[in-house]
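Here is what each chain is made of, one letter per residue.
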Amino acid sequence: MLEDVQQILLDQETVARRVKELGAQITEDYAGREPVLVCILKGAALFTADLCRHIDLPISLDFMAISSYGSGTSSSGVVRITKDLDSSIENKDVIIVEDIVDSGLTLSYLLANLKSRHPASLSICVLLDKPERREVEVPVRYRGFEIPDHFVVGYGLDYAEKYRNLPYVGVLRPEVYMA
Ligand code: 5GP
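A short tour of the structure in this document, coming up. Bear in mind that the values here come from a model prediction, so they are computed numbers and not experimental data. (Residues numbered from 1 in each chain as written. Predicted model: local features only at pLDDT ≥ 70, side-chain atom pairs only at ≥ 80, totals over all residues. Heavy atoms only, no water.)

The next thing to look at is the overall build of the protein. Of the regular secondary structure elements, the protein holds four helices and nine strands. Helices and strands in the protein line up, N terminus first, as β-α-β-α-β-β-β-α-β-β-β-β-α. Relative to the 2.2 N^0.38 estimate, which gives 16 Å for 179 residues, the radius of gyration of the protein is 16 Å and therefore close to what a compact globule would have. The principal-axis extent of the C-alpha atoms belonging to the protein is close to 50 × 35 × 25 Å. Relative to all contacts within the protein whose residues are 6 or more apart in sequence, the contacts with residues 24 or more apart total 66%. Accessible area for the protein stands at about 8,800 Å²; split by element, carbon and sulfur atoms hold 49% of it. (Helix = DSSP H or I, 4+ residues; strand = E, 2+ residues; numbered from the N terminus. Rg over C-alpha atoms; globule rule 2.2 N^0.38 Å. Contact = heavy atoms within 4.5 Å. Areas by Shrake-Rupley, 256 points an atom, 1.4 Å probe, with all protein chains shown as cover.)

For D99, the location among the structural elements is in strand β5 (residues 93-101). An unpaired buried charge is present at D99: no salt bridge exists, and R164, the closest side chain of opposite charge, is 5.7 Å distant. Those residues in contact with D99 that lie beyond four places of it in its chain are G43, A44, V126, L127, L128 and L157. (Buried < 20%, exposed > 50% of the residue type's maximum accessible area, 1.4 Å probe, protein only. Lys, Arg positive; Asp, Glu negative; His and termini not counted. Salt bridge = Lys/Arg side-chain N within 4 Å of Asp/Glu carboxyl O.)

Turning our eyes to something else, we now look at the pairing of strand β9 (residues 169-172). Side-chain direction in a regular strand flips from residue to residue, so the side chains alternate between the two faces of the sheet. With four bridges joining them, strand β1 (residues 5-10) and β9 adopt antiparallel strand pairing. Bridging across to β9, V5 finds its partner in L172. The sheet contact formed by strand β8 (residues 152-153) and β9 spans two bridges and is antiparallel. Within β9, the position partnered with V153 by the bridge is G170. (Pairing = 2+ DSSP bridges.)

The three strands are arranged β1-β9-β8 in an open sheet whose pairing can be described as antiparallel. Bordering the open sheet on either side are β1 and β8, each of which pairs with just one other strand.

Turning our eyes to something else, we now look at the state of the cysteines. Inspection of every chain in the model, using the stated rule, returns zero disulfides. Between C39, a cysteine without a disulfide, and C52, which holds the nearest cysteine sulfur, the sulfur-to-sulfur distance is 9.2 Å. Given a relative accessible area of 0%, C39 falls into the buried group. (Disulfide = S-S within 2.5 Å.)

Glancing now at the nonpolar core. I26, F47, L51, L128 and V152 are the most contacted members of the largest nonpolar core, which has 28 residues in total. At the level of secondary structure, the elements contributing two or more residues to this core comprise α1 (12-29), β2 (36-41), α2 (45-52), β5, β6 (121-129), β7 (142-146) and β9. Counting residues per element, this core draws most heavily on α1, at four residues. Counting 19 residues, the second-largest nonpolar core is a separate cluster that includes V36, I96, L110 and V140. (Core = buried A, V, L, I, M, F, W, Y, C linked by side-chain atoms within 4.5 Å.)

Bringing the environment of V171 into the picture now. Turning to its location among the elements, V171 is positioned in strand β9. Sequence-wise, V171 and D149 are 22 residues apart; in three dimensions their C-alpha atoms are separated by 9.8 Å.

A full pass over the atoms with the stated rule returns 13 salt bridges. R117 is paired through a salt bridge with D84; the nearest N and O atoms lie 3.0 Å apart. With R117 in the loop between α3 (105-115) and β6 and D84 in the loop between β4 (78-83) and β5, the pair connects residues that are 33 residues apart, well separated along the chain. Judged by relative accessible area, which is 23%, R117 ranks as partly exposed. Taking the shortest distance from any N to any O, the salt bridge between E161 and R164 comes out at 3.0 Å. On the basis of relative accessibility, which here comes to 46%, the residue E161 falls in the partly exposed class.

Here it is, written out as structure tokens:
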């Protein structure tokens, strides 16, 4: 797998340090509240698992799985919910936890969808942000890292379901997805 990665963008220690900071920030911002973390499967699974352990509040976790129609390395914004939340989020403080915001189409769909369920508040936490590729603005409140426009894998992010278990975020060799 290592040979398919051309550059390690964020090593394991760097990711861990930043995730801890984000957890501390959320703990501070949501003091006295009991937020629901909505993990967007599968990409945000590893990020959510680490993040929630740095939030010192009585949080709950829920999961949503989506599949987005698009070519190999970009999304179309046409999103299908393949697993919905288990519980109602009405009147809850909800934090959407997503792996990456690229065009912004996926998150803007999710935001509209979850907003329609009348949460008390709704915010977005992403590990990675590729601002160069943005097509629609999304209000990201918590952001791990801004990264350049490369296709990245690892720490939950895949290409064709592979590489999610890499402990770092790395740039995939274009030969792998052009093949
Ligand atoms: P958007 O709708 O913002 O363009 O894309 C968001 C989704 O596209 C992410 O949830 C992720 O599934 C996928 N995506 C965007 N950029 C990357 C990337 O660099 N690597 C991987 N593995 N997935 C990406």
